[in-house]
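# Structural features, examined
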Amino acid sequence: MTSFFGDVWFQNSDDVVGGGAAPASGQGFTMSGDEMRALLKKCQDQLTFILEQYDSAAKLHQVDPPGKDPVSERAVGGPNGVNETGEFYVGHLRFQQKYYEELILRLKKALGMTEETDRLAAEETKKRGSFE
């Protein structure tokens, strides 16, 4: 998978003496540990919201036309129909999910959270359902 953030770095200013210098390459963000933890919480909440939306969105691309007439069938299965729109929305949610998962991982790394925490979170995501 291609990274959403490329060589963008996240640095916890609490870990560096004097506020710290930026890493040698790329662009990034330096925040205090408190700011980073607050952002991490917001990102985790947003990821949970996206996962909840997926259940409803998945139903949108499986709609049956209300009637057997051409207008109903095109409205549901035709170009820009309900099913196509639902598929697009599901794809958009998958994209958002991967973005937030990477952002959360980078924030946790910058905060020095262990890989064990990441493993437990991945197991929890699998229990809730994944888009892959």
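Refer to the structure presented above.
Residues numbered from 1 in each chain as written. Predicted model: local features only at pLDDT ≥ 70, side-chain atom pairs only at ≥ 80, totals over all residues. Heavy atoms only, no water.

## What about helix 1 (residues 33-60)?
With 28 residues, helix 1 should cover 40 Å at 1.5 Å per step; its first-to-last C-alpha distance of 41 Å lies within 8% of that length. The sharpest bend along helix 1 reaches about 30 degrees and sits at Tyr54. Looking at helix 1, one finds that the buried residues are Gly33, Met36, Leu40, Cys43, Leu47, Ile50, Leu51, Tyr54, Ala57 and Ala58. Turning to helix 1, the residues buried within the fold contact strand 1 (9-12), strand 2 (28-31) and helix 3 (82-111). (Helix = DSSP H or I, 4+ residues; strand = E, 2+ residues; numbered from the N terminus. Expected span 1.5 Å × (residues − 1). Bend = angle between axes of the 7 residues up to and from the residue. Buried < 20%, exposed > 50% of the residue type's maximum accessible area, 1.4 Å probe, protein only. Contact = heavy atoms within 4.5 Å.)

## Observations regarding the nonpolar core
Counting 20 residues, the largest nonpolar core has Phe10, Met36, Cys43, Leu103 and Leu107 as the members making the most contacts within it. Only helix 1 and helix 3 provide two or more residues apiece to this core. A total of nine residues in this core trace back to one element, the largest contributor, which is helix 1. Residues within four places of Leu103 in sequence aside, it is in contact with Phe5, Phe10 and Cys43. (Core = buried A, V, L, I, M, F, W, Y, C linked by side-chain atoms within 4.5 Å.)

## Observations regarding the packing of helix 2 (residues 70-77) against helix 3
Relative orientation of the contacting elements helix 2 and helix 3 amounts to 10 degrees, with a least axis distance of 4 Å. Judged on the interaxial angle alone, helix 3 and helix 2 are roughly parallel. Judged by residue contacts, Ala75, Val76 and Gly77 of helix 2 engage Val82, Asn83 and Glu84 from helix 3. (Axes fitted to C-alpha atoms, helices over the stretch in contact; angles between N-to-C directions. Parallel < 35°, antiparallel > 145°, perpendicular 65-115°, else oblique.)

## Thoughts on helix 3
An ideal rise of 1.5 Å per residue puts 44 Å on 30 residues; helix 3 measures up with 43 Å between its terminal C-alpha atoms. Positive backbone phi, approximately 80 degrees, marks Gly112, located one or two places after helix 3.

## Examining the environment of Ser56
Residue position: Ser56 is located in helix 1. Taking C-alpha positions, Ser56 is 9.6 Å from Gly86, a pair spaced 30 residues apart along the chain.

## Here's the deal with the packing of helix 1 against helix 3
Where helix 1 contacts helix 3, the axes come no closer than 9 Å and their chain directions differ by 160 degrees. In terms of their interaxial angle, helix 1 and helix 3 are classed as roughly antiparallel. Note that helix 1 runs across helix 3; the crossing there is left-handed. (Left-handed = near helix turned anticlockwise from the far one by under 90°.)

## A look at unusual backbone geometry
In the Ramachandran plot, Asn80 falls in the positive-phi region, its phi being about 60 degrees despite a non-glycine side chain. Here Asn80 shows up in the loop between helix 2 and helix 3.

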